[in-house]
Each structure stands twice: as C-alpha cells, then as structure tokens.
Amino acid sequence: MRYTFVPGGRYTTVSRRSRRGAAIVEFALVAVLLVFLLFGIMEFGMMFSSSITVTQAANQGARAAALKGDRRKVEAAVYGAAQTLKSGSKFDFASGNVIAEYKPFDADDWRPWDPNSAPPDGQNDQIRITVRYPYKYMTGSLLGKLGNSLRSSDGAPAQPADQRIIQGVAVMRYGY
C-alpha cells in the first residue's frame, strides 16, 4: 500500500492494482497511435517502391520506342521492368495503362503515336511513354481515404478509397 495526499489534508491509500489499470489504459491509447504510425510508414514505403518501379518501366518503354521498337517491344520492355509489382495489371496499349505520344521538333503539343510506325519527322521527334499502375493500398480503405484526400485536385476522376493511380513518364528522342 502506498499513501497519497489528497486535497483536504488527508492521506489515502492507492493500491498497486489501480496503478496497473491506469498503465494498461495509457498503453492502449499509445499503442493505437503507434500501430497507425507503423502502418503509415509501411504504406508509404510500398507506394514509393511502386512509384520507382513504374517510373523505371516507363523509362524502359521509352528506350525501346526510341530505338525504333515496335508495339510488342515497347510492351515487353514495360512489362519486364514492372514484374515486381504485386498486381495482375496489364501493361499494354489496349488497356490504357501504357500511352505513347510524340512531339515534333518545332511543336509544343504532344500527339498520340502508334509505336508500329515512325513519327512523321523521324530523328528530331521526342517520344513520351506514360505508364499507369492502379496501386491498391495494403491497409485497404483505412489509410486509403486519407491518402486520396491529400492528393491535389487536378481534375482527375474519383478513385476507389482503397486504390491510387501511380504514373511514370519518360521522354526520349526518337532514333537514339
């Protein structure tokens, strides 16, 4: 037993059991915050890793396109670089997850391009490959709603709470 002073000039006893109960409550409150922080760190790490992989896949696709590769070579290069992603996503032009564009040397706008044909100007054109990957949050909608709400409103369509589109873009000169 321990004596504790209480207002009014009296001393009272505080048992170990009541102190232990307070410690359990405090631990429960702190543990919830620590687990939430731990999952947030893990989610950010997985998303950052996926972002690097998608950017590398776009880079490999742009390289294949710049070396006068056809549509199959570009898709194979993107798929080969994106194999470590945990989704069954298709990385091809038909699904819209791979987009090829070109920009003539003297123009300011990007135009759709089919990798099976050469760009009109040839050597002076730039090739841009965009790869999109629907990243699914490992925590589901728990942190997904928070992550999607922090995203800037750039006019993009609304996404499910447990998913986010990660996009990688690479630009190279055609024929080099």
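Residue positions are given per chain, counting from 1 as you read along its sequence in written order. Where totals are concerned, whole chains, interfaces and linings use all residues; where local detail is concerned, this predicted model gives features only for residues with pLDDT of at least 70, and gives and counts side-chain atom pairs only at 80 or more. Heavy atoms throughout the structure, all of them, feed into the side-chain values; hydrogens and water do not.

J.: How do you make sense of the side chain of lysine 103 when you look at a structure like this?
T.: Helix numbering and strand numbering both begin at the N terminus, where a helix is a DSSP run of H or I of at least 4 residues and a strand a DSSP run of E of at least 2. Its place among the elements puts lysine 103 in strand β3 (residues 98–103). Buried and unpaired, lysine 103 has no salt bridge, with aspartate 108 as the nearest side chain of opposite charge at 5.6 Å. Throughout, a residue-residue contact means that at least one pair of heavy atoms, one from each residue, lies within 4.5 Å. Leaving out residues up to four positions away in the same chain, lysine 103 has contacts with Asp108, Asp109, Trp110, Asp125 and Gln126. The cut-offs for exposure are 20% and 50% of the maximum accessible area for each residue type, with area from a 1.4 Å probe on protein chains only; residues under the lower value are buried, those over the upper are exposed, and the others partly exposed. We score Asp and Glu as negative and Lys and Arg as positive, and we do not count His or the chain ends. One side-chain nitrogen of Lys or Arg within 4 Å of one carboxyl oxygen of Asp or Glu is enough to make a salt bridge.

J.: I tried to follow the pairing of strand β5 (residues 126–136) on my own but got confused; where do I start?
T.: Strand pairing follows a simple DSSP-based rule, namely that at least 2 bridges must link the two strands. Both β3 and β5 contribute to a ladder of 6 bridges, which runs antiparallel. What sits directly across from isoleucine 99, in β5, is threonine 130. For β5 and strand β6 (residues 163–173), the ladder comprises 11 bridges, and the chain directions are antiparallel. Within β6, the position partnered with tyrosine 133 by the bridge is isoleucine 166.

J.: What's the story with the sheet that holds β3 in this structure? I'm lost.
T.: Two pairing modes exist for strands in a sheet, parallel and antiparallel, and in both the strands are linked by backbone hydrogen bonds. Strands sit in the order β4-β3-β5-β6 across an open sheet of 4 strands; the sheet is antiparallel. Among the strands making up the open sheet, the edge pair consists of β4 (111–112) and β6.

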